[in-house]
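# Geometric and topological summary
Chain by chain, the residues:
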Amino acid sequence: MKTLALIRLAWRITVGVTLFNAVTAVAGCCDRPHRGLGMPASMLSNSSFDSFLWPGIILVVIVGGTQLVAAVLTIARQSSAPLWVAVAGCSMVIWIFVETVLIEGSHGCRDSTSRQVSSS
């Protein structure tokens, strides 16, 4: 009986997380083309993007889309749901990695975090 309760809990958490990620991806896309969530367009200087329009579209289609597919298949209890949850998670990790590399490359975050403290 305890195993069934854990499976139900894992199912609810999976649905909740994937739906949350899908909704926030759409919200991020709606704001990015106009204001970039308050980020200056200069953050894109090391990328091939001039504005936040295409990153926003990529965010909603790739990240939000895979999250939504994973949520729907999990709710429908389809056998392919675990695969889509994994795909959605990987797309999120890749998105965050690429975003971090592009932002760090244009703002020198690596330089500020890699400084060594000199002993006096």
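Everything below is about the structure shown above.
Residues numbered from 1 in each chain as written. Predicted model: local features only at pLDDT ≥ 70, side-chain atom pairs only at ≥ 80, totals over all residues. Heavy atoms only, no water.

In this fold, Val72 is placed in helix H2 (residues 53–75). Residue classification places Val72 among the partly exposed residues on the basis of a relative accessible area of 48%. Expressed as a C-alpha distance, the spacing of Val72 and Val15, which sit 57 residues apart in the sequence, is 8.2 Å. (Helix = DSSP H or I, 4+ residues; strand = E, 2+ residues; numbered from the N terminus. Buried < 20%, exposed > 50% of the residue type's maximum accessible area, 1.4 Å probe, protein only.)

Moving on, we get to unusual backbone geometry. The backbone of Arg77 shows a phi angle near 55°, a positive value even though the residue is not glycine. Its place among the elements puts Arg77 in the loop between H2 and helix H3 (81–107). Taking relative accessible area as the criterion, Arg77 reaches 60% and is therefore assigned exposed.

We now examine H2. Its 23 residues give H2 an end-to-end C-alpha distance of 31 Å, which sits within 8% of 33 Å, the value for a rise of 1.5 Å per residue. Along H2, the helix axis deviates most sharply at Gly64, where the bend reaches about 30°. Regarding H2, the residues found buried are Pro55, Gly56, Leu59, Val63, Gly64, Thr66, Gln67, Ala70, Ala71, Leu73 and Thr74. Where H2 ends, the next residue or the one after it, Arg77, has phi of about 55°, a positive value. (Expected span 1.5 Å × (residues − 1). Bend = angle between axes of the 7 residues up to and from the residue.)

Treat this as a map of the structure, not an account of what it does.
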